[in-house]
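Now for the letters of each chain:
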Amino acid sequence: MTPSTAATSSTAASTANWADFTTAEPALAATVEARFGAYTHHTLATLRKDGSPRTTGLEVRFLGGELWLGMMPGSVKALDLRRDPRFALQANPGDGTGMGGGDVRIGGRAVEVEDPEVRAGYVKEVEPPEPFHLFRTELTEVVRTYVEDDAYLVVQVWQPGKSLRTVKRT
């Protein structure tokens, strides 16, 4: 699947797709992809009907300049996203406390993909069990937190249209 196959960029100035983020901050994007690639299952937070948070496990894919969320048909998380597309996604921290590469989180909106051609490209690459829900993400924030030199807590925050912000705390 190529970026031209999928929607390439959000029209909203406050969101970006994965390719936009990768272009803006290639080193951070590589670190984030590596953290998500280290484990299969991650944690997705969605909003319930009453506005309270719901966390569930999820697999993600980075393909064709997009971050994709695939889900079982009728899953509660898919229904949550259909009703309110806002989400937060946190990479699996792994075993122990090492957190190689740091803690990474992505916030944004999920847009359900119904286009048969785009879905067919995803199926060709991923081979998910069918039927399934497929969501393309529009990023509003990417955050990485890690420890530097055993002395500093470093927080990197990227938002579309803004420079990468880095905060170091002792």
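Up top is the structure these notes are about.
Residues numbered from 1 in each chain as written. Predicted model: local features only at pLDDT ≥ 70, side-chain atom pairs only at ≥ 80, totals over all residues. Heavy atoms only, no water.

A. The arrangement of the nonpolar core in detail. In terms of nonpolar packing, the biggest core is built from 25 residues, with Leu69, Leu89 and Ile106 touching the most fellow members. Only α1 (18-24), α2 (26-37), β4 (66-71), α3 (76-83), β5 (86-90), β6 (103-112) and β7 (133-148) provide two or more residues apiece to this core. If one sorts the elements of this core by residue count, α2 sits on top with 4 residues. Sequence-distant contacts of leucine 89, that is, excluding residues within four places in its chain, are made with Phe36, His42, Thr43, Leu44, Leu58, Val60, Leu67, Leu69, Val104, Arg105 and Ile106. Listed in part, the 8 residues of the second largest apolar core include Trp68, Val118, Tyr122 and Val126. (Core = buried A, V, L, I, M, F, W, Y, C linked by side-chain atoms within 4.5 Å. Buried < 20%, exposed > 50% of the residue type's maximum accessible area, 1.4 Å probe, protein only. Helix = DSSP H or I, 4+ residues; strand = E, 2+ residues; numbered from the N terminus. Contact = heavy atoms within 4.5 Å.)

B. Just the side chain of histidine 133, in detail. Inspection of the secondary structure assignment puts histidine 133 in strand β7. In terms of polar contacts, histidine 133 uses its side chain to reach the backbone amide nitrogen of glycine 74, at 2.9 Å. Each residue touching histidine 133, except ones within four places of it in the same chain, is listed here: Leu69, Gly70, Met71, Met72, Pro73, Gly74, Ser75, Ala78, Arg82, Glu112 and Arg119. (Polar contact = N/O pair within 3.5 Å; in protein donor to acceptor, adjacent residues only side chain to side chain.)

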